[in-house]
Amino acid sequence: NNGRRLLTKSSIMLGLGETDEEVLQAMRDLRQADVDVVTFGQYLRPSDHHLSVVEYVTPAKFVWFKEQGEQMGFKYVASGPLVRSSYKAGEFFMEHMIRNNAAN
């Protein structure tokens, strides 16, 4: 890999009945596996043949999960009801890193 470290990303869909502690434990597990980026989005039922939405997560809860992820040391956290695993994470991560490097 020419001495460069690959960045890793994982995503968690919320609203299927998970508890905060289950999400936090999943986040701890991801950090233990050295995952760099995590995204959180609202599960939306694509059809009647899929699982029902148990809960619509509040915007404040998405902010809270973002804060928790940042405190755990993720390099970037995208968290919001319309965030998806492919949610321009690379683009936003690079903007985040550039801003952080400029500030330091």
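Right above here is the structure, for reference.
Fair warning: this is a prediction, and the values are worked out from it, not measured in the lab. (Residues numbered from 1 in each chain as written. Predicted model: local features only at pLDDT ≥ 70, side-chain atom pairs only at ≥ 80, totals over all residues. Heavy atoms only, no water.)

## Description of the packing of aromatic side chains
All told, the structure shown has two aromatic pairs when counted by the stated rule. Residues Phe-40 and Phe-65 carry aromatic rings whose centres are separated by 5.5 Å and whose planes lie at 20 degrees to one another, so their mutual orientation is stacked. Of this pair, Phe-40 sits in strand E2 (residues 37-42) while Phe-65 is found in helix H2 (residues 59-72), placing the two residues 25 residues apart along the sequence. Take Phe-65: its relative accessible area is 2%, and that puts it in the buried class. Plain terms: the ring middles of Trp-64 and Phe-65 are 5.2 Å apart, the flat faces sit at 65 degrees to each other, and that makes the pair edge-to-face. The ring of Phe-74 carries the charged tip of Arg-31 above its face, separated from the ring centre by 5.3 Å. Of note, Lys-61 hangs over the ring of Trp-64, and the distance from its end group to the ring centre comes to 4.9 Å. (Phe/Tyr/Trp six-rings, centres within 6.5 Å; stacked < 30°, edge-to-face > 60°. Helix = DSSP H or I, 4+ residues; strand = E, 2+ residues; numbered from the N terminus. Buried < 20%, exposed > 50% of the residue type's maximum accessible area, 1.4 Å probe, protein only. Lys NZ or Arg CZ within 6 Å of the ring centre and 35° of its normal.)

## Regarding the pattern of salt bridges
Tallied over the full model, the rule gives four salt bridges. Of the charged contacts, one joins Glu-21 and Arg-28 as a salt bridge, the two residues approaching to 2.3 Å between their closest N and O atoms. A relative accessible area of 44% places Glu-21 in the partly exposed class. A relative accessible area of 33% places Arg-28 in the partly exposed class. Residues Lys-66 and Glu-70 are paired through a salt bridge, measuring 3.2 Å at the closest nitrogen-oxygen approach. On the criterion of helical spacing, the pair formed by Lys-66 and Glu-70 is a turn pair, its members being four residues apart in helix H2. Classification of Glu-70 by relative accessible area gives partly exposed; the value is 40%. (Salt bridge = Lys/Arg side-chain N within 4 Å of Asp/Glu carboxyl O.)

Any functional reading would require information beyond the geometric quantities listed.
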